[in-house]
Amino acid sequence: MTQRTRRLARADWLETGLQALAETGPSALKAEPLARRLQTTKGSFYWHFDDIPAYHAALLDLWEDRATAALETVLDSGATATSRLRATAQMVAERGNAMTAEPAIRAWARENATARAALGRVDAQRLDVIGGLLAQIGIANPEMARIIYATGIGITDLTEDQAGRNVSAMGSLVDLVLALR
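Predicted model, so just to flag it, every value in this text is computed and none were measured. (Residues numbered from 1 in each chain as written. Predicted model: local features only at pLDDT ≥ 70, side-chain atom pairs only at ≥ 80, totals over all residues. Heavy atoms only, no water.)

Draft legend 1. Structural view of helix α7 (residues 113-137). The end-to-end C-alpha distance of α7 is 36 Å, a good match for the 36 Å that 25 residues give at a rise of 1.5 Å each. If you check which residues of α7 are buried, you get A115, A118, L119, V122, D123, R126, L127, V129, I130, L133, L134 and I137. The N-terminus of α7 is capped by N112, whose side-chain oxygen sits 2.9 Å from the backbone nitrogen of T114. Of the residues trailing α7, G138 is marked for its positive phi of about 110 degrees. (Helix = DSSP H or I, 4+ residues; strand = E, 2+ residues; numbered from the N terminus. Expected span 1.5 Å × (residues − 1). Buried < 20%, exposed > 50% of the residue type's maximum accessible area, 1.4 Å probe, protein only. Polar contact = N/O pair within 3.5 Å; in protein donor to acceptor, adjacent residues only side chain to side chain.)

Draft legend 2. Just the packing of aromatic side chains, in detail. Taken as a whole, this structure holds five aromatic pairs when the rule is applied. A ring pair is formed by F45 and Y46, whose centres lie 4.9 Å apart and whose planes are at 80 degrees; its orientation type is edge-to-face. Positioned over the ring face of W47 is R7, at 5.7 Å from the centre of the ring. (Phe/Tyr/Trp six-rings, centres within 6.5 Å; stacked < 30°, edge-to-face > 60°. Lys NZ or Arg CZ within 6 Å of the ring centre and 35° of its normal.)

Draft legend 3. Molecular detail of helix α8 (residues 142-155). Over its 14 residues, α8 runs 20 Å from end to end, which matches the ideal 20 Å to within 8%, given 1.5 Å per residue. Listed as buried for α8 are M144, A145, I148, Y149, G152 and I155. Seen from one end, α8 has its buried residues packed into an arc of 135 degrees, which puts them on one side. The opening residue of α8 is N141, an N-cap whose side-chain oxygen sits 2.8 Å from the backbone nitrogen of E143. (Arc of directions from axis to C-beta.)

Draft legend 4. Region of the structure containing the packing of helix α1 (residues 10-24) against helix α2 (residues 31-38). Packing of α1 against α2 leaves a shortest axis separation of 10 Å and a crossing angle of 105 degrees. Classified by the angle their axes make, α1 and α2 are roughly perpendicular. Within the contact between the two elements, α1 uses D12, W13, T16, G17, Q19, A20, E23 and T24 and α2 uses A31, L34, A35, R37 and L38. Considered class by class, the residues forming the contact of α1 with α2 number six nonpolar, four polar and three charged. (Axes fitted to C-alpha atoms, helices over the stretch in contact; angles between N-to-C directions. Parallel < 35°, antiparallel > 145°, perpendicular 65-115°, else oblique. Contact = heavy atoms within 4.5 Å. Nonpolar A, V, L, I, M, F, W, Y, C, P; charged D, E, K, R; others polar.)

Below, the structure is given as structure tokens:
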């Protein structure tokens, strides 16, 4: 291991974990592989976290906080309900910022109760927001919120070179739903 010139903080471990999760999946969320990524020892990990489950919980808390903050940023834009709906749907279809690790978190949630609970809270919050915006616009069918949200989640599985088109397609879906009123 190489000598570090600065002491690692808890945030360094969490940022590295989100990156490792996005790149490799939950198997990378162990003390030794993370220590290798950070070129340090496992002792540093255990200085900041009691154990792996505590680390997983902290990592999921960070992701959940960022997902909530990204949603609040869209909602605080002061724009019309229609433009906030479009921006929310497009945010879900992007893989940037807080969302980078989201596909891996969704996969992890299939096998991990802590990840499933965090994902469930984020999903419920987003569905509530989309449903509320649709209601403000005059669309009361709750299934429309699920359709928009599910499309946003699924569209991220299209190849990365399609990312710009994914966001555009989400805007088109919102336009189509709005045309139904």
